[in-house]
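Take a look at the letters that make up each chain.
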Amino acid sequence: MRTIYLAGGCFWGMQKFFDQFAGVISTQVGYANGPDDAPSYQDVCHDSGHAETVRIDYDETKLSLGELMDLFFMVIDPLSVNKQGGDEGIQYRTGVYYTDPDQLPALQAAFDAEAQKVGAPLTVELLPLHNFFPAEEYHQKYLEKNPGGYCHIPQRMFSVRKD
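Residues numbered from 1 in each chain as written. Predicted model: local features only at pLDDT ≥ 70, side-chain atom pairs only at ≥ 80, totals over all residues. Heavy atoms only, no water.

**Some details on the pairing of strand β1 (residues 2-8)**
Alright, step 1. For β1, the buried fraction is high: seven of the seven residues fall into the buried class.
Alright, step 2. Residue alternation in β1 divides its side chains into two sets, R2, I4, L6 and G8 and T3, Y5 and A7, and both sets are buried.
Alright, step 3. Note that β1 and strand β3 (residues 51-58) share five bridges and pair antiparallel. What sits directly across from L6, in β3, is V54.
Alright, step 4. The sheet contact formed by β1 and strand β6 (residues 94-98) spans four bridges and is antiparallel. (Buried < 20%, exposed > 50% of the residue type's maximum accessible area, 1.4 Å probe, protein only. Helix = DSSP H or I, 4+ residues; strand = E, 2+ residues; numbered from the N terminus. Pairing = 2+ DSSP bridges.)

**Looking at the environment of F72**
Alright, step 1. Locating F72 in the fold gives a position in helix α3 (residues 65-74).
Alright, step 2. Sequence spacing of F72 and A7 is 65 residues, and the spatial spacing of their C-alpha atoms is 9.2 Å.
Alright, step 3. If sequence neighbours within four positions are ignored, F72 has contacts with L6, A7, G8, M14, F18, G95, V96 and V124. (Contact = heavy atoms within 4.5 Å.)

**Re the sheet that holds β3**
Alright, step 1. Ordered by their spatial adjacency, six strands build an open sheet running β7-β6-β1-β3-β2-β8, and the pairing between neighbours is mixed. The open sheet has two edge strands, β7 (125-128) and β8 (132-134), and neither has a second partner. Ignoring strand direction, the axes of neighbouring strands in this sheet form an average angle of 35°.
Alright, step 2. Here eight bridges tie strand β2 (residues 24-32) to β3, and the two strands are oriented antiparallel to one another. What sits directly across from Y31, in β3, is E52.
Alright, step 3. In this fold helix α1 (residues 11-19) packs onto β1, β2 and β3, with an angle of close to 170° to the strand it touches most, β2.
Alright, step 4. Along the sheet, α3 contacts β1, β3 and β6; its crossing angle with β1, the most-contacted strand, is approximately 15°. (Axes fitted to C-alpha atoms, helices over the stretch in contact; angles between N-to-C directions.)

**Focus: helix α4 (residues 104-118)**
Because an α-helix packs 3.6 residues into every turn, residues spaced three or four apart end up facing the same way.
Alright, step 1. Given a rise of 1.5 Å per residue, 15 residues ought to cover 21 Å, and the 21 Å separating the end C-alpha atoms of α4 matches this to within 8%.
Alright, step 2. Its buried side turned inward, α4 meets β1, α3, β6 and β7.
Alright, step 3. Positioned one or two residues after α4, G119 has a phi angle of 75°, which is positive. (Expected span 1.5 Å × (residues − 1).)

Shape descriptors only; they carry no functional weight alone.
Okay, here's the thing in structure tokens:
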């Protein structure tokens, strides 16, 4: 099992999107790469500096890191700063946070390929994970609990699973 942390705007939709794929073992939404204090959702909404992030545990024999990055880039605007869809603020910045330096070559290759595809440097952070604090329970699997909840990711993207 491997782990990667992805910030792609509102974490509700990111979690629902990634939960559909074979090879994703588990997901957890939380707050990453801000100050060391464990924030609340209210802190994050008031510019604590944390990014809404999804921790993804995955089986790399079923889903490679490169494939995860391809999926990630399908549902974000890699040129937008602190904004995805209608959500704006530092907590909605995009980022890929890793804990294993061995992941960096595959991540850098994915970033280089995406930058070439869009024809511009990406504004997505690519950094080691500094910290991650799980979000409150009501945020976990939020769109499963609240199917009509807002998300910047189009509804059709929640059924693109490839088994």
